[in-house]
Amino acid sequence: MAQEKRPVQGDHKYEQEITSTEEHEERPGRSLVTTDHDVIRRWAEERDARPATVPGTEHEGRPGVLRFDFPGYGGGDLQEISWEDWFRTFDERKLNFIYQEHKKDGQQSNFFRLENPDREDA
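Residues numbered from 1 in each chain as written. Predicted model: local features only at pLDDT ≥ 70, side-chain atom pairs only at ≥ 80, totals over all residues. Heavy atoms only, no water.

K.L.:
Help me get a handle on the environment of Gln16, residues and values and all.
P.N.:
Secondary-structure assignment places Gln16 in strand S1 (residues 16-17). For Gln16, a relative accessible area of 11% gives the class buried. It is 4.7 Å that separates the C-alpha atoms of Gln16 and Leu32, two residues lying 16 residues apart in sequence. Those residues in contact with Gln16, other than ones at most four positions away along the chain, are His24, Glu25, Glu26, Arg30, Ser31, Leu32 and Val33. Reaching out from Gln16, the side chain makes a polar contact with the backbone nitrogen of Glu26 at a distance of 2.9 Å. (Helix = DSSP H or I, 4+ residues; strand = E, 2+ residues; numbered from the N terminus. Buried < 20%, exposed > 50% of the residue type's maximum accessible area, 1.4 Å probe, protein only. Contact = heavy atoms within 4.5 Å. Polar contact = N/O pair within 3.5 Å; in protein donor to acceptor, adjacent residues only side chain to side chain.)

Below, the structure is given as structure tokens:
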């Protein structure tokens, strides 16, 4: 599935925008934002995380709340889905992926959140 290049939407003066897998944080602990599928998938796979959804949140047969299932973090209440379904839902909702590569102390970070810039309550 070819990805359309979709720009990050909304105001992100405190996050560094990442547009390719060649770009990285300016410093450990820096908040990053992207819509790039390769960047997101690489970040998840480096943490052995799998694309997932929260069961019971589906909409007309489509995934509901998107998550990542990190091994060893109690994701038993999550349902694994394909990368294709995860990214299709991500793009249809015009979400931004906000994340960290590393904590301020340099350790790998699992922090991420999905942002819908069109919703004030997201």
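Now, onward.
K.L.:
Explain the confidence of the model for the chain to me, using residue names and the numbers behind them.
P.N.:
Per-residue pLDDT for the chain has a mean of 88; in total, 92% of the residues score no lower than 70. Mean pLDDT in the chain bottoms out at S1, which sits at 90, and peaks at helix H1 (residues 37-46), which reaches 97. (pLDDT = per-residue confidence, 0-100.)

K.L.:
So what's going on with the sheet that holds strand S7 (residues 112-115)? Which residues, and what values?
P.N.:
If you trace the 4 strands from one edge of the open sheet to the other, you get S1-S2-S6-S7, paired in mixed fashion. Of all the strands in the sheet, just S1 and S7 have a single pairing partner and so form its edges. By the bridge criterion, 3 bridges tie strand S2 (residues 32-34) to strand S6 (residues 96-99) in an arrangement that is antiparallel. The residue bridging Val33 from the neighbouring strand is Ile98, located in S6. On the sheet, H1 packs against S2, S6 and S7 and is oriented at approximately 40° with respect to S6. (Pairing = 2+ DSSP bridges. Axes fitted to C-alpha atoms, helices over the stretch in contact; angles between N-to-C directions.)

K.L.:
Any chance you could break down the sheet that holds strand S4 (residues 66-69) for me, citing the residues and the numbers?
P.N.:
Strand order in the open sheet made by the 3 strands is S4-S3-S5, with antiparallel pairing throughout. Both outer strands of the open sheet, S4 and strand S5 (79-80), are each paired with one neighbouring strand and no more. Both strand S3 (residues 50-53) and S4 contribute to a ladder of 4 bridges, which runs antiparallel. Within the sheet, the bridge partner assigned to Pro51 lies in S4 and is Phe68. The strands touched by helix H2 (residues 83-92) are S3 and S4; relative to S4, the strand with the most contacts, the crossing angle is about 145°.

K.L.:
Before we move on, could you go through the side chain of Glu115 and cite the residues and values that matter?
P.N.:
Considering the arrangement of structural elements, one finds Glu115 in strand S7. Arg113 is the oppositely charged side chain nearest to the buried, salt-bridge-free Glu115, at an N-O distance of 4.5 Å. In this structure the side chain of Glu115 is engaged in a polar contact, spanning 2.7 Å, whose partner is the side chain of Asn96. Every residue in contact with Glu115, bar those within four places of it in the chain, is listed here: Gln9, His12, Lys94, Leu95, Asn96 and Ile98. (Lys, Arg positive; Asp, Glu negative; His and termini not counted. Salt bridge = Lys/Arg side-chain N within 4 Å of Asp/Glu carboxyl O.)

K.L.:
Describe in detail the nonpolar core, supporting the description with residues and values.
P.N.:
The biggest cluster of nonpolar side chains holds 19 residues, and the ones touching the most others in it are Trp43, Phe68, Trp86, Phe97 and Tyr99. When residues of this core are traced back to their parent elements, those giving at least two are H1, S4, H2 and S6. Not counting residues up to four positions away in its chain, the partners in contact with Trp43 are Phe68, Phe70, Phe97, Tyr99, Gln100, Glu101, Ser109, Asn110, Phe111 and Phe112. (Core = buried A, V, L, I, M, F, W, Y, C linked by side-chain atoms within 4.5 Å.)

K.L.:
Explain the pattern of salt bridges to me, using residue names and the numbers behind them.
P.N.:
Any two side chains of opposite charge can pair if their charged atoms end up close together. Counted according to the given criterion, the structure contains 9 salt bridges. Note that Glu46 is salt-bridged to Arg47, the shortest N-O span being 3.5 Å. For Glu46, a relative accessible area of 47% puts it in the partly exposed group. Exposure remark for Arg47: the relative accessible area of 7% places this residue in the buried category. The shortest N-O distance in the salt bridge between Glu84 and Arg88 comes to 3.5 Å. Linking Glu84 with Arg88, this pair stays in helix H2, spanning 4 residues, or about one helical turn. Three or more residues are tied together by salt bridges with common partners; here these are Arg42, Glu46, Arg47 and Glu101.

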